Amino acid sequence: GFNGASRGWSEGAALRGNVDGFKYRFSASHSDQGNVHTPDGELDNTNFRQTDVAGFLSYDFSDHFTVGAGIDYYKGAFNSTAMEYVNDPNSDFFVRVPKWNRTKYYTFAELKDVNEYLTRVRFDAYYQKSEKDMRNYVNLADSAMPFIVDNYANNITRSKGFSLQTDWQLGDSHFLVTGYEL
């Protein structure tokens, strides 16, 4: 696809299917957008670029038991500014994120129709790493309460977790979902 306002391109593809109990899903996309063009001219510091890649694979051991795993990857960079910004690279407001990367690995196991009351038990676990560099600049020097904020962030966040969920059918029209998440 082509975006005329930012004179940028976006591409994407996906493949999914089911073969002999294996379910798979693979996708990738990329977008590279320049600065936004308006009737008043080009709006500097409004460009962005991002890439997404994802893969998933599961296997149905039976109609009642499935396991699977996947990976999600994101790489991006963007700039943002106030919409009234015209041609001043030292604008009163801007955000620059030259690096934002995230990788997530996950897995699950699901048991269905255990008995007439317990209709599903599902376990999920994940690990994720996110890296971001960012500069945020706000200058209200000409306001009634003048101040300037010019902060930088360079961080790496790692997180992991799991959840366990059970679905219960209690009669024809009553359901109970219980679980634990960490």
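Residues numbered from 1 in each chain as written. Predicted model: local features only at pLDDT ≥ 70, side-chain atom pairs only at ≥ 80, totals over all residues. Heavy atoms only, no water.

Peer 1: Looking at this model, I keep getting lost on the side chain of Asn-79. Mind explaining?
Peer 2: By secondary structure assignment, the location of Asn-79 is in strand S7 (residues 65-81). Only 2.7 Å separates the side chain of Asn-79 from the side chain of Asn-47, close enough to count as a polar contact. Those residues within four positions of Asn-79 in sequence are excluded, and the remaining contacts are Asn-45, Thr-46, Asn-47, Val-95, Arg-96 and Val-97. (Helix = DSSP H or I, 4+ residues; strand = E, 2+ residues; numbered from the N terminus. Polar contact = N/O pair within 3.5 Å; in protein donor to acceptor, adjacent residues only side chain to side chain. Contact = heavy atoms within 4.5 Å.)

Peer 1: In this structure, what is going on with the pattern of salt bridges? I would like to understand it.
Peer 2: Once their charged atoms are close, side chains differing in charge can pair, the charge on each being opposite to the other. The final tally for this structure, using the stated rule, is 8 salt bridges. The residue Lys-23 makes a salt bridge to Asp-60 at a minimum N-O spacing of 2.8 Å. Of the two residues, Lys-23 is situated in strand S3 (residues 22-33) and Asp-60 in strand S6 (residues 48-60); the sequence distance between them amounts to 37 residues. The class of Lys-23 is partly exposed, set by a relative accessible area of 31%. Taking the shortest distance from any N to any O, the salt bridge between Arg-49 and Asp-32 comes out at 3.4 Å. Separated by 17 residues along the polypeptide, Arg-49 in strand S6 and Asp-32 in strand S3 bring together distant segments of the chain. Owing to a relative accessible area of 47%, Arg-49 belongs among the partly exposed residues under this scheme. (Salt bridge = Lys/Arg side-chain N within 4 Å of Asp/Glu carboxyl O. Buried < 20%, exposed > 50% of the residue type's maximum accessible area, 1.4 Å probe, protein only.)

Peer 1: When you look at the sheet that holds S7 in this model, what are you seeing that I'm missing?
Peer 2: Each strand in a sheet pairs with its neighbour through backbone hydrogen bonds, running either in the same direction (parallel) or in the opposite one (antiparallel). Pairing is antiparallel in the open sheet, where 9 strands are placed in the order S1-S2-S3-S6-S7-S8-S9-S10-S11. Looking at strand neighbours, the two that pair on one side only are strand S1 (2-3) and strand S11 (175-181), the edges of this open sheet. Bridge count between strand S9 (residues 118-139) and strand S10 (residues 148-169): 21 bridges; the pairing is antiparallel. Counterpart to Asp-133 in the pairing with S10 is Asn-154. (Pairing = 2+ DSSP bridges.)

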